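Report on the structure
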Amino acid sequence: MEFPAAVVDDIGYALGVAQLGGKHPDAKPWKGEGPGILEIVEKYEGDAYRAVYTVRFAGAIYVLHAFQKKSPSGIKTDRRDVDLVAERLKKAQADYDAMTRPTPSEQGKPQ
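The following refers to the structure shown. Numbers given to residues run from 1 along each chain, matching the order in which its sequence is written. Totals for whole chains, interfaces and linings use all residues, but because this is a predicted model, local features are given only for residues with pLDDT of at least 70 and pairs of side-chain atoms are given and counted only at 80 or more. Excluding hydrogens and water, the side-chain values take into account all heavy atoms of the structure.

Glancing now at the overall build of the protein. Secondary structure elements are taken from DSSP: a helix is a run of H or I of four residues or more, a strand is a run of E of two residues or more, and numbering for both begins at the N terminus. Check the secondary structure of the protein and you find two helices and four strands. Each helix (α) and strand (β) of the protein, taken in turn from the N terminus, gives the series α-β-β-β-β-α. The principal-axis extent of the C-alpha atoms belonging to the protein is close to 55 × 25 × 25 Å. The classification of residues rests on relative accessible area computed with a 1.4 Å probe and restricted to protein chains. Under 20% of the type maximum is buried, over 50% is exposed, and intermediate values are partly exposed. The buried share among the 111 residues of the protein stands at 35%. Each accessible area is a Shrake-Rupley result for a 1.4 Å probe, and residues are judged covered by the shown protein chains and nothing else. Summing over all exposed atoms, the protein offers an accessible surface of approximately 7500 Å²; the carbon and sulfur share of this is 53%.

Rendered as structure tokens:
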């Protein structure tokens with residue numbers, strides 16, 4: 001929430017489109033984690049802001065990381081941000097698995 005209000009609004013709108021099953025025109029694939037991982041890049045007053053999210057899970061959108069791009073190596077995303085996205089994707093997978101795992105009372109029931 002430390003982003004400028006205009007950036008929060010734009011990223012929020014793009015995530016809302018994703019929640020409804022669409023893809024905002026500014027959303028593009030995030031390289032490195034395979035399909036279903038997208039990023040939204042917003043430029044504001046000379047700064048770049050990114051939100052990385054996944055649509056891999058049925059009925060759920062997980063925002064994995066949101067950050068202001070401040071790479072010391074030019075256009076390349078800082079390794080810490082890339083690693084954080086990978087770590088949070090693993091946690092999102094575990095969370096989703098826990099939420100969708102049948103409870104003991106549901107196991108064995110006809111579907």
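Counted as salt bridges are all cases of a side-chain nitrogen of Lys or Arg within 4 Å of a carboxyl oxygen of Asp or Glu. Using the criterion set out here, one finds four salt bridges in the structure. For D83, the salt bridge identified is with R79, shortest N-O distance 3.0 Å. Residue D83 and its partner R79 are both found in helix α2 (residues 79–100); the two are separated by four residues, about one turn of the helix. Residue D83 is classed as partly exposed on the basis of its relative accessible area, which comes to 37%. What makes R79 exposed here is its relative accessible area of 56%.

As a further point, take the side chain of H24. In this fold, H24 is placed in the loop between α1 (5–19) and β1 (27–29). The class of H24 is buried, set by a relative accessible area of 14%. Contacts described as polar in this section are N or O atom pairs within 3.5 Å, which, within protein, must combine one atom able to donate a hydrogen with one able to accept it, while residues neighboring in sequence count only if both atoms come from side chains. Here D26 takes part through its backbone nitrogen, which lies 3.0 Å from a polar atom of the side chain of H24. The contact definition used throughout considers only heavy atoms, calling two residues in contact when any of these lie within 4.5 Å. Aside from chain neighbours lying at most four places away, what touches H24 is Y13, A14 and V17.

Bringing the sheet that holds strand β2 (residues 37–44) into the picture now. Strand pairing is assigned whenever DSSP identifies at least 2 bridges connecting the two strands. With antiparallel pairing, the four strands of this open sheet are ordered in space as β1-β2-β3-β4. Whereas interior strands pair on both sides, the edge strands pair on one side only; in this sheet they are β1 and β4 (62–69). Recorded for the sheet is a direction-independent mean angle of 25° between the axes of neighbouring strands. Of the strands in this sheet, β2, β3 (47–54) and β4 are in contact with α2, which crosses β4 at around 165°. Structural elements are reduced to axes, namely lines fitted to C-alpha atoms, with helices fitted over the stretch in contact, and the angle between N-to-C directions of any two is expressed from 0 to 180 degrees.

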